[in-house]
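# Architecture at a glance
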Amino acid sequence: VQLVDSGGGLVQAGGSLRLSCAASGYSVSSSAKGWFRQAPGKEREFVASINWYGEATDYADSVKGRFTISRDNVKNTVYLQMNSLRPEDTAVYLCAARSSLRARVSRLVYEYAYWGQGTQVTVSS
């Protein structure tokens, strides 16, 4: 199983980015997926999650209304659309996948078995 994150970069406050997480050796339609982020010196924190069927999502309060998680089962890819970015959104963003078939959305790091390598998002003020 391999998850490859991409789409990060440098953007001004108020701007937008779309992150992608391409999966191989694994079907994104089989279980829940999540996005987490980690800033220097801080713990990894939950950002968003989408369930195996794609009809249930969950967001951290800090990104609700600004970020949208989605999936494309044909492309076997999960996305995170980030709008109205703020300097405090600066972090390495990592996608993750649960291993249990049809697992629900989760905010817990330890419930995710597979992780991408991360993509840097930097928001300037």
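See the structure printed just above.
I will try to describe carefully the structure that is included in this document.

The rules behind the values
- Every chain is numbered independently, its residues counted from 1 as its sequence is written.
- Side-chain atom pairs in this predicted model are given and counted only at pLDDT of 80 or more, local residue features only at pLDDT of at least 70, and totals for whole chains, interfaces and linings cover all residues.
- Heavy atoms throughout the structure, all of them, feed into the side-chain values; hydrogens and water do not.
- We count a stretch as a helix when DSSP gives it H or I for four or more residues in a row; a strand needs E for two or more, and each element gets its number in order from the N terminus.
- Burial classes follow relative accessibility: with a 1.4 Å probe on protein chains only, a residue under 20% of its type's maximum area counts as buried, one over 50% as exposed, and anything between as partly exposed.
- Counted as a polar contact is a pair of N or O atoms within 3.5 Å, where, for protein atoms, one must be capable of donating a hydrogen and the other of accepting one, and residues adjacent in sequence contribute only when both atoms are in side chains.
- Contacts are assigned to residue pairs with any non-hydrogen atoms lying within 4.5 Å of each other.
- Whether two strands pair depends on DSSP finding at least two bridges between them.
- Any two rings among Phe, Tyr and Trp, with Trp reduced to its six-membered ring, count as a pair given centres within 6.5 Å; such a pair is stacked if its planes are under 30 degrees apart, edge-to-face if over 60, and tilted if neither.
- Lysine NZ or arginine CZ positioned within 6 Å of the ring centre and within 35 degrees of the ring normal marks a charge as sitting over the ring.
- Think of each axis as a best-fit line through the C-alpha atoms, taken over the contacting stretch in the case of a helix, with angles from 0 to 180 degrees between the N-to-C directions.

## Topic: the overall build of the protein
Helices and strands together make up the secondary structure of the protein, namely zero helices and eleven strands. The order of α-helices and β-strands along the protein, N terminus first, is β-β-β-β-β-β-β-β-β-β-β. On the principal axes, the C-alpha backbone points of the protein span a range of 40 × 25 × 25 Å. A total of 125 residues make up the protein; the buried ones form 46% of that total.

## Let's talk about the side chain of Ser 106
Along the chain, Ser 106 turns up in the loop between β9 (91-97) and β10 (114-115). Overall, the relative accessible area of 5% leaves Ser 106 in the buried class. Here the side chain of Ser 106 touches Leu 108 through a polar contact of 3.1 Å, landing on its backbone nitrogen. Beyond its immediate chain neighbours, meaning those up to four positions away, Ser 106 contacts Phe 46, Ser 49, Arg 98, Glu 111 and Tyr 112.

## Description of the pairing of strand β1 (residues 2-6)
Taking every second residue as pointing to the same face, the buried face of β1 carries Leu 3 and Asp 5, while none of Gln 2, Val 4 and Ser 6 on the other face is buried. Taken together, the five bridges between β1 and strand β3 (residues 17-24) define a ladder with antiparallel strand orientation. Its bridge partner being in β3, Leu 3 is matched across the sheet by Ala 23.

## Thoughts on the packing of aromatic side chains
Going through the model one piece at a time under the given rule, you end up with five aromatic pairs. Each residue in the set Phe 36, Phe 46, Tyr 112 and Trp 115 is aromatic and connected to the rest through ring pairs, giving one cluster. In this structure, Arg 44 packs its charged tip against the face of Trp 115, placed 4.7 Å from the ring centre.

## A closer look at the sheet that holds β1
For sheets, the rule is that strands pair by backbone hydrogen bonds, running either parallel or antiparallel. On the basis of which strands lie adjacent, the open sheet formed by four strands has the order β1-β3-β8-β7 and antiparallel pairing. Of all the strands in the sheet, just β1 and β7 (67-72) have a single pairing partner and so form its edges. Neighbour-to-neighbour, the strand axes of the sheet open up by a mean angle of 15°, direction not taken into account.

## Focus on the pairing of β9
Of all seven residues making up β9, six are buried, and the element is well covered by its neighbours. Of the pairings in the sheet, the one linking strand β4 (residues 33-38) to β9 comprises six bridges and is antiparallel in character. Bridge pairing in β9 places Gly 34 opposite Ala 96. For β9 and strand β11 (residues 119-124), the ladder comprises three bridges, and the chain directions are antiparallel.

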